[in-house]
Amino acid sequence: MDDSSPDETDGGHEWVTPPESFVEQANVTAADREAFREAGWPECWRRPGDLLDWGCGFDAVLDEDDGDEGPIRWFPGGRLNASYNCVDRHVEAGRGDETALAWEGKLGETRTYSYRELADEVNAFAAALRELGVEEGDVVTLYLPMIPELPVAMLACARIGAPHSVVFAGFSADALATRLSGADSEYLVTCDGYYRRGAALDLKRRADNACVSVGHAVEQVVVNRLDDDRPVGDHRAYADLVETHAGAEVEPVSRASDDLLFLIYTSGTTGEPTLVRHTTGGYLTHVTWTSHAVLDLGPDDTHWCSADVGWITGHSYAVYGPLALGATTVLYEGTPDHPETDRLWEIIERNGVDVFYTAPTSIRAFMKWGEQHPERHDLSSLRLLGTVGEPIDETAWHWYRNHVGDGRCPVVDTWWQTETGGIVLSTLPGVDRMRPGAVGKSLPGIETVVVDERGHRVADGEAGQLVITRPWPGMARSLCEGTDWGARRTRTVDGQWQYATGDNAVRDEDGYLHLLGRADDVLKVSDRRLSTTEIESAIVGVEGVAEAAVVVGEDDDAVRQSEIHAFVSPESNVAGDDALRGRVRTAVEEAIGPIAAPDAVTFAPSLPKTRSGKVVRRYLAAIANGEDLGDTSALRNPEVVGELESLLDR
Ligand code: WTA
């Protein structure tokens, strides 16, 4: 039944009110928002902390004694284990037979794990890791596609207090090697290969190549995904290990709240990948509470976060958040358009998914394929929809709500980052009105402002950089410490602590934030977070290339899909042809991975530059997107932009 309130217009803005039927059952109510306000920061984070089982309760919510100088410590004195919270406690509560994980394989296979089965395999693999020599504090790298062994391995690491470092399976051997060395990781769990659009990819070869170039020995465990009988050579086979250790019981290691749960590399503004570390107590509290409050999850729900577990979104909302709450999480190995473009809707229907969380780029692809695909399926199990990763425009927002959510499901547009660990900006689905195209306010317990270059607040309606002005539980450890990389992202302005997000935003008069994209050289395409510098250095390494700049462009279909667009200027005697285009793509694939390969490569005699010689990517993005260029008089070579428009690779 469609009982959603009609869309309203107020102050010239369009508002969408969540339906009464949703509001009545929502986990978080207006009274809860008020309770947060009354408790005040940081005390308001006590109740979210209570969603977890602490082996030893925390002495305080936040260690403030160290003041601005850090380190900031969330839930000091508290001790807990993430795998106990995500697995054992649900079995102990008599929910062992309920489904923890529903896996949908590439070739149409399915596998489900009840909480008890998950507990058994996590224990067996934890025992195996111990046997291999992994000790508390050792970093275990997981280079795996979307197969159940990935969350199992994450939880097994968490059980023995070994921080995991998941490397997205779409990264190249070189990228894996950098991440193994950077994290000083001597253990790698990988697999023989996986399917991508029906084709088998050899992951093992990439893993072997990476290990050769790492300066230390790396012990490998291999999951046989493609071929059960493929020999693993000197390495250990996952299946054998789990079989040998079947029935093992490994006591979950008691971890201090700020002990590391995992490391994750992300692309920063430099050419080097940035290492982000997340803590056990603060991170788990943050993702559990936001899964409860924003995704409205509970033990009876089936949740599907379509992001790859190789990215932070998959860590927080496909693994830790839903499992900590005892929900069922769906894991899908394939792509949305294989074998048919209605694959996702079929999975939602068959699994009775309640909450679906995906990226705007995917929604734009669904629009392009047509509403007949979702409409052919019974999606009535859906209760709530979410998006993350990029700004979502109003058209895509409405399409998603109407054609996937039957005009009935609330849509939460959630903003956050690898560094924040979990959701920071969003509406609360049972409390707040939605504004298509705006993410909403800061969540309770989080404060943000939009500032100018010096860190001073700008007026509502004016653009500036989004900063977070109080620590939050999911914050990365480097931000707590205020050292190294962290120091460059946190600062104190007029006595006020600030974390600079790198995103530009506008706050409107209702306090809703509109995100305008990155202010720095980080490039976002769907779940992919890449560094322009890193891609550009791979391209200029190609013989015959003089210079290069990459931007996020949109393809020229009616539904604009994001893609990576490279502008490349060849050396004077070199032809910009398909052969060079191919070499450019290969170079990026080898240095970073297929995920970073440019979709379009436009050759240009030169790139638009300021008088001081800096390439202005803003104009290139406008050209790639067919937008108005505005005033180009500040350029040293304004004539080049007109020329570029006619040379575009389409
Ligand atoms: C962008 C992904 C607009 C933003 C969770 C941020 C968004 C970067 C949104 C982090 C949103 C994420 N609206 N932009 N709802 N969510 N972003 O680290 O630029 O992969 O800084 O974390 O994605 O990307 P990351």
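Note that the structure is predicted; figures quoted are calculated from it, not measured.

Once that is clear, we can look at the UniProt feature "domain: AMP-dependent synthetase/ligase" (unreviewed entry) in the chain. Taken from the UniProt record, the annotation "domain: AMP-dependent synthetase/ligase" (unreviewed entry) applies to residues 93-472. Annotated as residues 93-472, this span is 31% helix and 23% strand, and its ends, taken at the C-alpha atoms, are 30 Å apart.

A few words now on the sheet that holds strand S19 (residues 328-332). Here we have seven strands laid out as an open sheet, ordered S7-S6-S19-S18-S20-S21-S22, and mixed in their pairing. Across the chains shown, the open sheet's two edge strands, defined by having one partner strand only, are strand S7 (110-114) and strand S22 (411-414). Going from strand to strand, the sheet's axes swing by 20 degrees on average, the running direction of each strand aside. Pairing of strand S18 (residues 302-305) with strand S20 (residues 355-358), which is carried by three bridges, proceeds in the parallel orientation. Each bridged residue has a counterpart across the sheet, and for cysteine 305 the counterpart in S20 is tyrosine 357. Here helix H11 (residues 312-324) sits on the sheet and contacts strand S6 (99-104), S18, S19, S20 and strand S21 (384-388); the angle it forms with S18, its principal contact strand, is near 170 degrees.

Before going further, it helps to spend a moment on the domain arrangement of the chain. Interface size is often expressed as the accessible area that is lost when the parts come together. Annotation of the chain at the domain level lists domain 1 (116-253) and domain 2 (526-645). Taken over C-alpha atoms, the centre of domain 1 sits 36 Å from the centre of domain 2. Taken together, the contact pairs six residues of domain 1 with seven residues of domain 2. Of the roughly 480 Å² buried where domain 1 meets domain 2, counting both sides, 57% is carbon and sulfur surface. The tally of links from domain 1 across to domain 2 stands at three residue pairs in polar contact (both at pLDDT 80 or more). Per-class residue counts for the side of domain 1 that touches domain 2 are three nonpolar, two polar and one charged.

Scanning the entire structure with this criterion turns up 24 aromatic pairs. Their ring planes at 90 degrees and their centres at 5.8 Å tell us that tyrosine 317 and tyrosine 357 sit as a pair that is edge-to-face. Of the two residues, tyrosine 317 is situated in helix H11 and tyrosine 357 in strand S20; the sequence distance between them amounts to 40 residues. In this structure an aromatic cluster arises from ring pairing among Trp304, Tyr332, Trp345, Phe356, Phe366 and Trp369. Sitting above the plane of the tryptophan 15 ring, arginine 435 keeps its charged end 4.1 Å from the centroid.

In this section: the environment of alanine 463. Structurally, the position occupied by alanine 463 is in strand S24 (residues 463-468). In this structure alanine 463 comes out as exposed when scored by relative accessible area, which is 52%. Separated by 53 residues in the primary sequence, alanine 463 and leucine 516 have C-alpha atoms spaced 8.4 Å apart.

Below, the discussion takes up the packing of helix H4 (residues 82-95) against helix H6 (residues 149-159). The contact between H4 and H6 brings their axes to 7 Å, and the two run at 120 degrees. Classified by the angle between their axes, H4 and H6 sit oblique to one another. Where H4 crosses over H6, the handedness of that crossing is left-handed. Between H4 and H6, the contacting residues are Ala82, Ser83, Tyr84, Cys86, Val87 and Asp88 on the first element and Leu155, Ala158 and Arg159 on the second. Considered class by class, the residues forming the contact of H4 with H6 number six nonpolar, one polar and two charged.

Now for unusual backbone geometry. The peptide bond linking tryptophan 41 to proline 42 adopts the cis configuration, its omega dihedral lying at 0 degrees. For the bond running from histidine 338 to proline 339, omega is 0 degrees, close enough to zero to count as cis. Mapped onto the elements of the fold, proline 339 is located in the loop between S19 and helix H12 (343-351). Despite not being glycine, aspartate 184 has its phi angle at roughly 55 degrees, a positive value. Within the secondary structure layout, aspartate 184 lies in the loop between helix H7 (173-182) and strand S10 (187-191). In this structure aspartate 184 comes out as exposed when scored by relative accessible area, which is 55%. Phi at aspartate 494 is positive, roughly 50 degrees, even though this residue is not glycine. Owing to a relative accessible area of 68%, aspartate 494 belongs among the exposed residues under this scheme.

The subject of this paragraph is the site of the ligand. Lining the immediate environment of the ligand, one finds 18 residues, of which Thr414, Thr418, Asp503, Arg518 and Arg529 sit closest. Between aspartate 503 and the ligand, the recorded distance is 2.6 Å, taken from a side-chain N or O atom to an oxygen atom. Alone, the ligand offers 530 Å² of accessible surface; in the complex the protein occludes 97% of this. Across the shell around the ligand, the residue classes break down as seven nonpolar, five polar and six charged.

Spatially, the three strands line up as an open sheet ordered S30-S31-S32, and their pairing is mixed. Each edge of the sheet is formed by a strand with only one pairing partner; in this case those strands are strand S30 (545-554) and strand S32 (600-603). Each strand of the sheet is rotated relative to its neighbour by a mean of 25 degrees, with strand direction disregarded. Where S30 and strand S31 (residues 562-570) come together, nine bridges link them in antiparallel fashion. Across the sheet, residue glycine 553 finds its bridge partner in S31, namely glutamate 563. Those strands touched by helix H18 (residues 532-540) are S30 and S31, and its axis lies near 140 degrees from that of S30.

Bringing the nonpolar core into the picture now. Grouped together as the largest cluster of nonpolar side chains are 152 residues, with contacts concentrated most on Leu118, Phe125, Tyr320, Trp472 and Ile539. Here this core takes eleven residues from helix H5 (residues 115-132), the largest share from any one element. Built from parts of two domains, this core gets at least three residues from each of domain 1 (116-253) and domain 2 (526-645). Non-local contacts of phenylalanine 125, meaning those with residues more than four positions away in its chain, are made with Val152, Ala153, Ala156, Val189, Val221, Tyr238, Leu241 and Val242. One finds Tyr332, Ile347, Val404 and Val411 within the second-largest nonpolar core, a separate group that totals 26 residues.

Attention now goes to the side chain of threonine 290. Secondary-structure assignment places threonine 290 in helix H10 (residues 281-293). Residue classification places threonine 290 among the buried positions, given a relative accessible area of 0%. Within polar-contact distance, the side chain of threonine 290 engages the backbone oxygen of valine 287 at 3.3 Å.

As a further point, take the pattern of salt bridges. This model, assessed by the stated rule, comprises 42 salt bridges. Salt-bridge contacts for glutamate 34 lead to arginine 37; the nearest nitrogen and oxygen are separated by 2.7 Å. Within this pair, glutamate 34 and its partner arginine 37 are both found in helix H2 (residues 30-39), separated by three residues, close to a single helical turn. According to the relative accessible area criterion, glutamate 34 is partly exposed, its value standing at 31%. Salt-bridge contacts for aspartate 53 lead to arginine 89; the nearest nitrogen and oxygen are separated by 3.5 Å. Of this pair, aspartate 53 sits in the loop between helix H3 (46-49) and strand S3 (62-63) while arginine 89 is found in helix H4, placing the two residues 36 residues apart along the sequence. Taking relative accessible area as the criterion, aspartate 53 reaches 34% and is therefore assigned partly exposed. Its relative accessible area of 13% is what places arginine 89 among the buried residues.

About the cut-offs
Residues numbered from 1 in each chain as written. Predicted model: local features only at pLDDT ≥ 70, side-chain atom pairs only at ≥ 80, totals over all residues. Heavy atoms only, no water. UniProt positions renumbered as here; feature names shortened; annotations may be inferred. Helix = DSSP H or I, 4+ residues; strand = E, 2+ residues; numbered from the N terminus. Pairing = 2+ DSSP bridges. Axes fitted to C-alpha atoms, helices over the stretch in contact; angles between N-to-C directions. Contact = heavy atoms within 4.5 Å. Domains from an automatic or database assignment. Buried area = accessible area lost by both parts, 1.4 Å probe. Polar contact = N/O pair within 3.5 Å; in protein donor to acceptor, adjacent residues only side chain to side chain. Nonpolar A, V, L, I, M, F, W, Y, C, P; charged D, E, K, R; others polar. Phe/Tyr/Trp six-rings, centres within 6.5 Å; stacked < 30°, edge-to-face > 60°. Lys NZ or Arg CZ within 6 Å of the ring centre and 35° of its normal. Buried < 20%, exposed > 50% of the residue type's maximum accessible area, 1.4 Å probe, protein only. Parallel < 35°, antiparallel > 145°, perpendicular 65-115°, else oblique. Left-handed = near helix turned anticlockwise from the far one by under 90°. Near = heavy atom within 4 Å. Areas by Shrake-Rupley, 256 points an atom, 1.4 Å probe, with all protein chains shown as cover. Core = buried A, V, L, I, M, F, W, Y, C linked by side-chain atoms within 4.5 Å. Salt bridge = Lys/Arg side-chain N within 4 Å of Asp/Glu carboxyl O.

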